[in-house]
Amino acid sequence: MLYLVASCIALLFGPLFYRYFSSGSGLQKGLDGFIFVSLGGLVLIHILPELLQHGGILTLLFVVLGLWGPTASERLFHRYSDITHNVTLTLGIGGLLLHTITDGGAMVIAQQEDTSILLALGVIMHRLPVGVAIWWLLKPQVGTRWASAVLAAMMVLTGVGYFAGEQLLQHISIDNTVYLQAFVTGSILHVVLHQPHGNSDDDQQGRYQYQAGIGSLFGVGLLALLLLFDTGGHDHSHSHGSEQFLTWLLTVSPVLIISYLVATARFKMGLSPQNHSLASRWLQRLAGPEALFITLLLLGPWFALYQAIGLLFVGALLSLGKVELTDPHENLPTSSWRFGFAHLVDRSAPWVALSLILANLIGHPSVHFEHPVLQVMILIAVFLPMRFCNLGAAVLALSLAYSGWSNVAVAFVLIAAPVLSISQLKLMNWPMRVALSAVLAIALLLAYYLLGEWHQVLTLPNSVNIAAAVIVGLIFSASLLRLGPRKFLSRLLIKLKGHSHEHDHTHDHGHSDSHKHHH
């Protein structure tokens, strides 16, 4: 019973937080950063892997429908964009209400003697961002009365889940409602990403990015606690996804630090992204060469040699064809340390995070992409709307390798991810596109016949991995503080925000320079 009361009290922090943080533009940006990171991360790292566990590959389709459906509707029916947005908001709130009943059921499980207290603490703590998000989304849209009614309904439904018999919980169990929950999860992501009222006209010059960064760091801290609770020894259905995510993070952190040191050294020696030589710029765009060190140390020398030779051919082809790079580096620092541990971090950190999350989803054991051709097709669909940096590509490759994906798919990530994007392909003529496709096809055939098993060269004690993860966390946190969460992820989100929400009557002017920070 104590757990039930605590979970309801956690929801009440929403109005308190909102009342305090909405008193000024800077504080409101801080609250936006907290919601953006905590709720978005909760969905991507915590909820989606659990849905995949129960629904398999179809789950991703319903999530995409929930995420892109409102966007497509608003583009097709501009006159009814207000209605579309309100329906999406209602779906998102409805999904949170449905999830609330299962939270109540989880409280019952948490009270059993053989269950870790961390389960109850995890449920209670993940209610904090939910309560804040409810008030943040609804109060400006429909007023205090309706927002209060929804919070009250969440408390009542938590009690229903707590006191109801197993029969009701069985009817609304995740197995019976998995696709509905997946669609609603996509709707929640849509609402969080498209920030219904967080784009303040008072912040057209990005004056409050520091406050937004502080809020996002609180969100990251909450997510980290939830991940620790999630892997705290209870046999929970979604613990696999969280444990896998943490394992990858610990594995890659020391090598990321080495990569940033290599980038610092090569900048010191004059290898700059603004080099006059087009071939030199392509070498840095494709390989770094810091990305090769990730491949060498975590996938082995044969994969690193394959990547180096493959990227050499791709780079030579593009250089001879006089193909310019999309999104060139601008505003380079003069200090090599600032280049390696600030400028490059700002451009690569979002891709590293995205790669870990992507691999945690499409590499999930419940998502059966076993045929190499199917894996490559999925990766093409992922790469085209984005433009991966080389560090993000290396992290994605090793994460998929550790998930059991084929050598062909892993090799394709290493060779194609930094160059295969719509924005880059637009700068090529058709003969060059055909030539690039031929080079990639030959590279895949060679990977199929020549590449053997990968093996991890660098194995460090867990204490070293944890220390490295803390250092990487601090480096990425500094980037979040510099840019704020939305600008930090703008190179990812600009692809998702291909439309403007006319019903908002506010636009995020901070995205106009988003291309300047791309790796």
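Located above this text is the structure these notes cover.
The rules behind each value
- Residues numbered from 1 in each chain as written.
- Predicted model: local features only at pLDDT ≥ 70, side-chain atom pairs only at ≥ 80, totals over all residues.
- Heavy atoms only, no water.
- Helix = DSSP H or I, 4+ residues; strand = E, 2+ residues; numbered from the N terminus.
- Buried < 20%, exposed > 50% of the residue type's maximum accessible area, 1.4 Å probe, protein only.
- Contact = heavy atoms within 4.5 Å.
- Areas by Shrake-Rupley, 256 points an atom, 1.4 Å probe, with all protein chains shown as cover.
- Patch = residues over 30% accessible without salt bridge, like charges linked within 9 Å, V, L, I, M, F, W, Y side chains within 5 Å.
- Salt bridge = Lys/Arg side-chain N within 4 Å of Asp/Glu carboxyl O.
- Axes fitted to C-alpha atoms, helices over the stretch in contact; angles between N-to-C directions.
- Parallel < 35°, antiparallel > 145°, perpendicular 65-115°, else oblique.
- Nonpolar A, V, L, I, M, F, W, Y, C, P; charged D, E, K, R; others polar.
- Polar contact = N/O pair within 3.5 Å; in protein donor to acceptor, adjacent residues only side chain to side chain.
- Phe/Tyr/Trp six-rings, centres within 6.5 Å; stacked < 30°, edge-to-face > 60°.
- Lys NZ or Arg CZ within 6 Å of the ring centre and 35° of its normal.
- Left-handed = near helix turned anticlockwise from the far one by under 90°.
- Expected span 1.5 Å × (residues − 1).
- Arc of directions from axis to C-beta.

**Student:** Could you clarify how one ought to interpret the overall build of the protein chain in this entry?
**Tutor:** Each helix and strand in the protein chain was counted, giving 22 helices and zero strands. Split into buried and exposed, the 519 residues of the protein chain put 56% on the buried side. Taking the contacts inside the protein chain whose residues are at least 6 apart along the sequence as the reference set, 83% of them involve residues at least 24 apart. For the protein chain, the computed accessible surface area is about 22,100 Å², with 67% contributed by carbon and sulfur atoms.

**Student:** Would you mind showing me how to read the environment of valine 130 here?
**Tutor:** Note that valine 130 resides in helix H5 (residues 117-142). For valine 130, a relative accessible area of 7% translates into the label buried.

**Student:** Sorry if this is basic, but what is going on with a nonpolar patch on the surface here?
**Tutor:** A surface patch of nonpolar side chains, amounting to about 670 Å² of accessible area, comprises Met1, Val5, Ile9, Phe13, Leu16, Phe17 and Phe163. Broken down by element, the residue count for the nonpolar patch peaks at five residues, all from helix H1 (residues 2-21). Tracing the backbone shows isoleucine 9 in helix H1. With a relative accessible area of 44%, isoleucine 9 lands in the partly exposed category.

**Student:** For this particular structure, what's the right way to read the packing of helix H12 (residues 290-299) against helix H13 (residues 301-320)?
**Tutor:** Any two packed helices are characterised by how steeply their axes cross, that is the angle between the axes, and by the distance between the axes. Closest axis-to-axis distance for the H12/H13 pair is 7 Å, and the angle between their directions is 155°. Relative to H13, the element H12 lies roughly antiparallel. Residue-level contacts link Ala291, Leu292, Thr295, Leu296 and Leu299 of H12 to Pro301, Phe303, Ala304, Gln307 and Ala308 of H13. Taken together, the residues of the contact of H12 with H13 break down into eight nonpolar, two polar and no charged.

**Student:** Could you clarify how one ought to interpret the pattern of salt bridges in this entry?
**Tutor:** Enumeration according to the criterion identifies three salt bridges in this entry. For arginine 281, the salt bridge goes to glutamate 324, with nearest N and O atoms at 3.2 Å. Of the two residues, arginine 281 is situated in helix H11 (residues 278-286) and glutamate 324 in the loop between H13 and helix H14 (336-362); the sequence distance between them amounts to 43 residues. By relative accessible area, which is 18% here, arginine 281 ends up buried. Between aspartate 346 and arginine 482 there is a salt bridge, with its nearest N and O atoms 2.8 Å apart. With a gap of 136 residues between them, aspartate 346 in helix H14 and arginine 482 in helix H20 (residues 462-483) connect regions that are remote in the sequence. Residue class for aspartate 346 comes out buried when judged on its relative accessible area of 9%. Judged by relative accessible area, arginine 482 falls into the partly exposed class, the value being 36%.

**Student:** Sorry if this is basic, but what is going on with the side chain of glutamine 307 here?
**Tutor:** With respect to the secondary-structure elements, glutamine 307 resides in helix H13. Separated by 2.6 Å, the side chains of glutamine 307 and threonine 295 make a polar contact. Ignoring sequence-local partners within four residues, the contact set of glutamine 307 consists of Ala291, Leu292, Thr295, Leu414 and Ile415.

**Student:** Even after reading the chapter, I still don't get the packing of aromatic side chains, so can you show me in this structure?
**Tutor:** The relation between two aromatic rings is expressed through the spacing of the ring centres and the mutual angle of the planes. Enumeration over the complete set of coordinates arrives at eight aromatic pairs. Measuring from ring centre to ring centre gives 5.4 Å for phenylalanine 383 and phenylalanine 388, while their planes differ by 75°; the resulting arrangement is edge-to-face. Relative accessible area serves as the criterion here: at 1%, phenylalanine 383 is assigned to the buried category. Residue class for phenylalanine 388 comes out buried when judged on its relative accessible area of 0%. Note on tyrosine 448 and tyrosine 449: the rings are 5.0 Å apart at their centroids and 90° apart in plane angle, and the pair reads as edge-to-face. Judged on exposure class, the residue tyrosine 448 and its partner tyrosine 449 are both exposed. By way of ring pairs, the aromatic residues Trp351, Phe383, Phe388 and Phe412 are connected into one cluster. Between arginine 433 and the ring centre of tryptophan 430, over which it is positioned, the NZ or CZ distance is 4.7 Å.

**Student:** I keep staring at the packing of H13 against helix H17 (residues 407-416) and nothing clicks. Help me out?
**Tutor:** Across the interface, H13 lies against H17 with an axial gap of 9 Å and an inter-helix angle of 45°. It follows that H13 is oblique to H17 by the angle criterion. Of the two elements, H13 crosses H17, and the hand of that crossing is right-handed. The segment H13 lies against H17, with Phe303, Tyr306, Gln307, Gly310, Leu311 and Val314 engaging Asn407, Val410, Ala411, Leu414 and Ile415.

**Student:** Explain the environment of aspartate 103 to me, please; I cannot follow it from the model alone.
**Tutor:** In this fold, aspartate 103 is placed in helix H4 (residues 81-110). Measuring from C-alpha to C-alpha, the distance between aspartate 103 and glycine 159 comes to 9.3 Å, with 56 residues separating the pair along the chain.

**Student:** Sorry, what's going on with unusual backbone geometry here?
**Tutor:** Of note, the bond from glycine 288 into proline 289 is cis; its omega dihedral lies within 30 degrees of zero at 20°. Following the sequence through the fold, proline 289 ends up in the loop between H11 and H12. Not every positive phi belongs to a glycine, and aspartate 327 is a case in point at roughly 55°. Judged by relative accessible area, aspartate 327 falls into the buried class, the value being 9%. At asparagine 331, a position not held by glycine, the phi torsion is positive, near 55°. With respect to the helices, strands and loops of the structure, asparagine 331 is situated in the loop between H13 and H14. Judged by its relative accessible area of 61%, asparagine 331 is exposed.

**Student:** For this particular structure, what's the right way to read helix H15 (residues 372-383)?
**Tutor:** Each α-helix turn comprises 3.6 residues. Residues three or four places apart therefore point the same way. Its twelve residues give H15 an end-to-end C-alpha distance of 16 Å, which sits within 8% of 16 Å, the value for a rise of 1.5 Å per residue. Where H15 is concerned, the buried positions are Gln375, Val376, Leu379, Val382 and Phe383. Seen along its axis, H15 keeps its buried residues to an arc of 115°; they face one direction. For H15, the exposed residues lying more than 90 degrees away from the buried face are Val373, Met377 and Ala381. Against the buried residues of H15 lie H14, helix H16 (390-402), H17 and helix H19 (430-450).

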